Amino acid sequence: MDYTLTKQLLDEGRLPNLRRLATTGSFAPLETAIPPQSPVAWSNFITGMDAGAHGIFDFIHRDPKTMLPYLSTSRTSPGTNWRFGQWLLPVSRGRVELLRHGKAFWEDLTQRGIPTTIVRVPANFPP
């Protein structure tokens, strides 16, 4: 929703319900995350923290030893497999590690007894 157009419509009295909400809360232009990357912005939204606090700065991170890239929000580690002829049999499961620091806001809501249903939030693990 464009801030300039909304402000104009509010000033003209054409959005009375939004005006009431704006005067009892706040109304200001929003800016994106720094750096302006989708996983950074979603992590800001999820945690209420900036990139310096939650640690997500881009779509990928790099392993400093090998310089190989991996997804910035989570990292997977394979489990153990046994080869049996042409078959590969898993004998232990892998791991998925959340790399984002901070607590998701819905965790706080749940701890306070407020039921939550969160669906399809990008850059979030576990799903």
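As a convention, each chain's residues are numbered from 1 in the sequence order in which they are written. For this predicted model, a pLDDT threshold of at least 70 governs which residues receive local features, and a threshold of 80 or more governs which side-chain atom pairs are given and counted, while totals over whole chains, interfaces and linings are taken from all residues. Remark: hydrogens and water are excluded; side-chain values derive from all non-hydrogen atoms of the structure.

Some points on the overall build of the protein
Reasoning step 1: When helices and strands are tallied, the protein shows five helices and six strands.
Reasoning step 2: The helix count covers DSSP runs of H or I at least four residues long, the strand count covers runs of E at least two residues long, and both are numbered beginning at the N terminus. Secondary structure elements of the protein, listed N to C terminal, follow the sequence α-α-α-α-β-β-β-β-β-β-α.
Reasoning step 3: This radius of gyration counts C-alpha atoms alone. The globule rule is 2.2 Å times how many residues there are, raised to the power 0.38. Its C-alpha atoms give the protein a radius of gyration of 22 Å, more than 25% over the compact-globule value 14 Å for 127 residues.
Reasoning step 4: When contacts within the protein are restricted to residue pairs at least 6 apart in sequence, long-range pairs at least 24 apart make up 36% of them.
Reasoning step 5: Throughout, the Shrake-Rupley method with a 1.4 Å probe supplies accessible areas, and for residues the shown protein chains are the sole cover considered. Total accessible area on the protein is roughly 9900 Å²; 58% of this is exposed by carbon and sulfur atoms.
Reasoning step 6: Counted as positive: Lys and Arg. Counted as negative: Asp and Glu. His and the chain ends are not counted at all. Charge positions come from single atoms, namely NZ of Lys, CZ of Arg, CG of Asp or CD of Glu. Counting 14 positive and 10 negative side-chain charges, the protein places the averaged centre of each group 9 Å from the other. For this analysis, residues touch if any pair of their heavy atoms sits within 4.5 Å.

A few points about the pattern of salt bridges
Reasoning step 1: Whenever a carboxyl oxygen of Asp or Glu lies within 4 Å of a side-chain nitrogen of Lys or Arg, that contact is scored as a salt bridge. Per the counting criterion, the structure on display carries seven salt bridges.
Reasoning step 2: One salt bridge in this structure joins E97 and R75, with 3.7 Å as the shortest N-O distance. Of this pair, E97 sits in strand β6 (residues 95-98) while R75 is found in strand β3 (residues 74-77), placing the two residues 22 residues apart along the sequence.
Reasoning step 3: Burial classes: relative accessible area under 20% of the type maximum marks a residue as buried, over 50% as exposed, and values in between as partly exposed (1.4 Å probe, protein chains only). On the basis of relative accessible area, R75 is assigned to the partly exposed category, the value being 30%.

Topic: the packing of aromatic side chains
How two aromatic rings sit relative to each other is set out by the distance from centre to centre and by the angle between their planes.
Reasoning step 1: Side-chain rings of Phe, Tyr and Trp, where Trp is taken by its six-membered ring, are said to pair if the distance between their centres is within 6.5 Å; with planes under 30 degrees apart they count as stacked, over 60 as edge-to-face, and otherwise as tilted. Under the criterion given, the structure shown has four aromatic pairs.
Reasoning step 2: Aromatic side chains W42 and F45 sit 5.7 Å apart centroid to centroid with 85 degrees between the ring planes, which places their arrangement in the edge-to-face category. Taken together, the positions of W42 and F45, both in helix α3 (residues 38-47) and three residues apart, correspond to about one turn of that helix.
Reasoning step 3: Seen in terms of ring centroids, F45 and F105 are 5.4 Å apart; in terms of plane orientation they differ by 75 degrees. Their pairing is edge-to-face.

Concerning the pairing of strand β4 (residues 81-84)
Reasoning step 1: Looking at chain direction, β4 and strand β5 (residues 87-90) are connected through four bridges and run antiparallel. Paired with N81 across the bridge in β5 is P90.
Reasoning step 2: As consecutive antiparallel partners, β4 and β5 are separated by two residues, and within that stretch G85 has a phi angle of approximately 65 degrees, a positive value. At least two bridges found by DSSP between two strands are what make those strands a pair.

Remarks on the confidence of the model for the protein
Reasoning step 1: Across the chain, each position has a pLDDT score giving the predictor's confidence in that residue, from 0 to 100. In this model, the protein carries a mean pLDDT of 92, and residues with pLDDT of at least 70 account for 99%.
Reasoning step 2: Ranking the elements of the protein by mean pLDDT puts β3 last with 87 and helix α4 (residues 51-54) first with 96.

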